[in-house]
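The chain contents come next:
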Amino acid sequence: MTVLKSEADRRRPWWEGVTLAALRSRLQQLLAFASLIVIYTFFAFASPYFFTYDNFISILYSTVVIGTLAVGTTFVIISAGIDLSIGTGMALCAVMSGVFIVNAGLPPALGVPLTVLFGGFMGLVNGINVAVLRVPPFIATLAMMLVAEGLALVVSDSTPIYFNDVSGYTGISTGHLVPGLDIPNAVLVLLAVSALSGLLLTKTVLGRYTYSIGSNEEATALSGVNVRRWKIAIYAFAGLFIGLAGVLISARLGSAQPATGMGYELQAIAAVVIGGTSLSGGKGSIVGTLIGALIISVLNNGLQIMSIPQEWQNVILGCVILVAVYADRVRRGEP
Amino acid sequence: MVLVASACGEEGSGGSGGGEPLISIVSKGFQHQFWQSVKQGAEDEAEARGARITFVGPATESDVEEQVNQLTNELAKSPDAIGFAALDSQAAEPLLEQAQSQDIPVVAFDSGVDSDIPVTTVATDNRAAAALAAEHMAEALGGEGKVALVVHDQTSLSGKDRRDGFMEWMAENAPGITVLEPQYGGGDQLESADITTSIIQANPDLAGIYASNEGSAIGVINGVRESGRDDLAVVGFDSGQAQIDAIDSGLMLGAVTQDPVDMGRQLVDAALNAIDGKEQPERIDTAFYWYDSENMDDPQIQAALYQ
């Protein structure tokens, strides 16, 4: 019964019932948000170039790719899984976008959805390997990471695919849909899919089972849920974000870079963890993940603007991740 | 509020407002010895000329997005000039246009940027450097024999230039030398070693091997060692401990090195000239040297070599 109770608790949206108890259960998310504000304020005082509207937009823009990957992988991590294939998978999806749109000449209106679906297909394969073939998620997605890394090079013949002659493709990322606001479309895309994912996670059966499988897989199965099927669904759903990230990065760069992507998975996982999602599953939120991704971007941006030597930037980022995971342990240790 | 004022004052005095000009350098990497040497040269020149530099680069040379983010962040600081080694010219084009609209001169370095915006390009003439390697190999072989090429890749400009420069010099100046079809090892040490052993097996009459960058050269050295041949003329590119040791032990004839310290110096020099609005040539060639067991200890060569 405890499973059901905590499940109901988690289904509540973050803004609902801001009571003391709710605040305590959101302790780390709050902690993450507070850290974001503190870090942002610190940089605003430390450098005159940081606190400008243009730089604020730059920070949002640099969050897009990692943020998109992180939102998708939040579902996987809440279900107590892990997906290491999202970084190189994104590179493969970028290449596939090039294949669909540049090589095959499909219009972007068709090529983009196909690319997103291709990402979903990769996720589906991950899900089948994990749920049906019982390969541990770490290994199944590690294998997919290598397959995607290789395939991206094979399919593209190891050369970038340029979208020069495709009118409107780079506009997906760099264009400005809302006049006057100066916000790149890619940022709007991230915000839109995050809102949608937040709703799916808190309001639908997909979200309910994601939490439930993550907190107690056995009990979920015993209560009559087809865990196998839902796990496949979770990985496939998360895969759509790999495809979307592939579109967003290639649209920003104007090219599909086949050798890129390695390491993005770790940054996305870091964003999820900083945002308060537990690696042991059952806990987490989309808002938290977005905050986590923003903390990473703000640190990268602010430290560079302060002209901190690059070696130290990684040291500081590593320490922030450690603190976040430590806070997670403290929280889980609470009654 | 005191904090704000003092922080602003400090940054402002060093920024574009006056005082020492700030040159933001966005390179292709920062951990490798090569880029650290570029940074060293840039710092030396900046100190001598009364300028400040910042130096950043992505973790790997395929991380185009990270480099674009870094260039964005540097532009936010409104530096007086930018030094930029593009991983992908096209991805950076909108930012170069932004630099132009902010009246920040851009100096390209290491490899050309496919754009009209940079005021000049500071780079090694890879074709000429590869030709120098070919010349020394032909001399060592007495103008006769079969030679192989292990090249780091067939797509990048540096890969193509270092391959073509070598092959063209051989075709024009050494009619007695047969050049085998180039093989590509991606600059990966292990892959280049495997390629080398198979070339040696397939060509028992092979007389020499040329490697086009440090990774390829380490692979070739290992491949030659594994095959047990000690009569091959091995010629490399760049430096690093493995090549230096191989030249010391006689396994390697010599190598061509770029001068990354000189590249850093010339980059800052060109950036300062651009800030002053001086006319500059379209290309500024940085130094490169042939080094072997005889001249390896010269101070000039030593300065260009990294361990």
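Reading the values: the criteria
Along each chain, residues carry numbers from 1 onward, in the same order as the chain's sequence is written. Numbering of ligands from 1 and lettering of chains from A proceed in the order in which they are written. Totals for whole chains, interfaces and linings use every residue, but because this is a predicted model, local features are given only for residues with pLDDT of at least 70 and side-chain atom pairs only at 80 or more, for both listing and counting. Where helices and strands are cited, they refer to DSSP runs of H or I of at least four residues and of E of at least two residues respectively, numbered from the N terminus. Restricting the calculation to C-alpha atoms gives the radius of gyration, and the globule rule supplies 2.2 Å times the number of residues raised to the power 0.38. To sort residues by exposure, count the other C-beta atoms lying within 10 Å of each residue's C-beta; 20 or more gives buried, 12 or fewer gives exposed, and values between give partly exposed, all with C-beta atoms placed from the backbone. It is the C-beta atoms, placed from the backbone, that decide contacts: two residues are in contact if theirs lie within 7 Å. Where each domain begins and ends is defined by an automated method or by a domain database. Here a nonpolar core is just a set of buried residues of the types Ala, Val, Leu, Ile, Met, Phe, Trp, Tyr and Cys, joined wherever their C-beta atoms sit within 7 Å. UniProt positions are given in the numbering used here, feature names are shortened, and annotations may be inferred rather than shown by experiment. Fitted lines through C-alpha atoms give the axes, limited to the stretch in contact for helices. The angle between two N-to-C directions lies from 0 to 180 degrees. Orientation labels follow simple angle bins: below 35 degrees gives roughly parallel, above 145 gives roughly antiparallel, 65 to 115 gives roughly perpendicular, and whatever is left gives oblique. By convention, the crossing between two helices is left-handed when the near helix turns anticlockwise from the far helix through less than a right angle, and right-handed when the turn is clockwise. Residue type decides the class: Asp, Glu, Lys and Arg count as charged, Ala, Val, Leu, Ile, Met, Phe, Trp, Tyr, Cys and Pro as nonpolar, and the leftover types, Gly among them, as polar.

A. Structural view of the overall build of chain B. Per the secondary structure count, chain B includes eleven helices and 13 strands. By the compact-globule yardstick of 19 Å for 307 residues, chain B fits well, its C-alpha radius of gyration being 21 Å. Projected onto its principal axes, the C-alpha positions of chain B cover 75 × 35 × 35 Å. Residue burial in chain B is summarised as follows: out of 307 residues, 54% are buried. Counting contacts in chain B only where the partners sit at least 6 residues apart, residues at least 24 apart contribute 73% of the total.

B. Looking closely at the domain arrangement of chain B. Residues and elements named next belong to chain B. If you check the domain split of chain B, you get domain 1 (2-123 + 260-287) and domain 2 (126-258). Using C-alpha coordinates to define each centre, domain 1 is positioned 33 Å away from domain 2. Contact residues are listed per partner, giving seven residues for domain 1 and five residues for domain 2. Residue assignment for the side of domain 1 that touches domain 2 shows that the elements contributing at least two residues are helix 2 (33-49) and helix 10 (260-275).

C. Looking closely at the environment of A109(A). All names here are of chain A. In this structure, A109 sits in helix 6 (residues 108-131). What makes A109 exposed here is the crowd of 9 C-beta atoms within 10 Å. In sequence terms A109 and Y169 are 60 residues apart; their C-alpha atoms lie 9.5 Å from each other.

D. Seen up close, the environment of T60(B). Residues and elements named next belong to chain B. Relative to the elements of secondary structure, T60 occurs in the loop between strand 2 (52-56) and helix 3 (64-76). By C-beta crowding, T60 is classed as partly exposed, having 16 other C-beta atoms within 10 Å. Along the backbone, T60 and P175 are 115 residues apart, and their C-alpha atoms lie at a distance of 40 Å.

E. Representation of the nonpolar core within the structure. Counting 141 residues, the largest nonpolar core has L69(A), M90(A), L248(A), V107(B) and L267(B) as the members making the most contacts within it. In terms of residues, this core owes the most to one element, helix 12 (residues 227-253) of chain A, which gives 18 residues. Core analysis: the next-biggest nonpolar cluster, separate from the first, contains 47 residues, I200(B), L206(B), Y289(B) and Y291(B) among them.

F. Structural view of the UniProt feature "domain: Periplasmic binding protein" (unreviewed entry) in chain B. UniProt records the feature "domain: Periplasmic binding protein" (unreviewed entry) at residues 23-279 of chain B, using the numbering of this structure. With 50% helix and 19% strand, residues 23-279 of chain B has its two end C-alpha atoms placed 18 Å apart.

G. Representation of the packing of helix 5 (residues 86-103) of chain A against helix 7 (residues 137-156) of chain A within the structure. All names here are of chain A. The interhelical angle for the contact between helix 5 and helix 7, taken along N-to-C directions, is 30°, at an axis separation of 8 Å. The angle between helix 5 and helix 7 places the two elements in the roughly parallel class. Every pair of crossing elements has a handedness; the one defined by helix 5 and helix 7 is left-handed. Contacts between helix 5 and helix 7 involve T88, G89, A91, L92, V95, G98 and V99 on the former and, on the latter, M144, M145, A148, E149, L151, A152, V155 and S156. In the contact of helix 5 with helix 7, the residues fall into ten nonpolar, four polar and one charged.

H. Examining the UniProt feature "transmembrane region" (unreviewed entry) in chain A more closely. In this structure's numbering, the residues bearing the UniProt feature "transmembrane region" (unreviewed entry) are residues 30-50, 56-77, 84-106, 112-132, 139-163, 183-202, 232-253 and 286-306 of chain A. The straight-line gap between the two end C-alpha atoms of residues 112-132 of chain A is 30 Å; of that span, 95% is helix and 0% is strand.

I. Examining the interface of chain A and chain B more closely. The interface of chain A with chain B comprises 29 residues on the first partner and 27 residues on the second. Taken together, the elements giving at least two residues each to the side of chain A that touches chain B come down to helix 3 (27-46), helix 4 (53-78), helix 12 and helix 14 (286-305) of chain A. When grouped by side-chain class, the residues that make up the side of chain A that touches chain B number eleven nonpolar, 16 polar and two charged.

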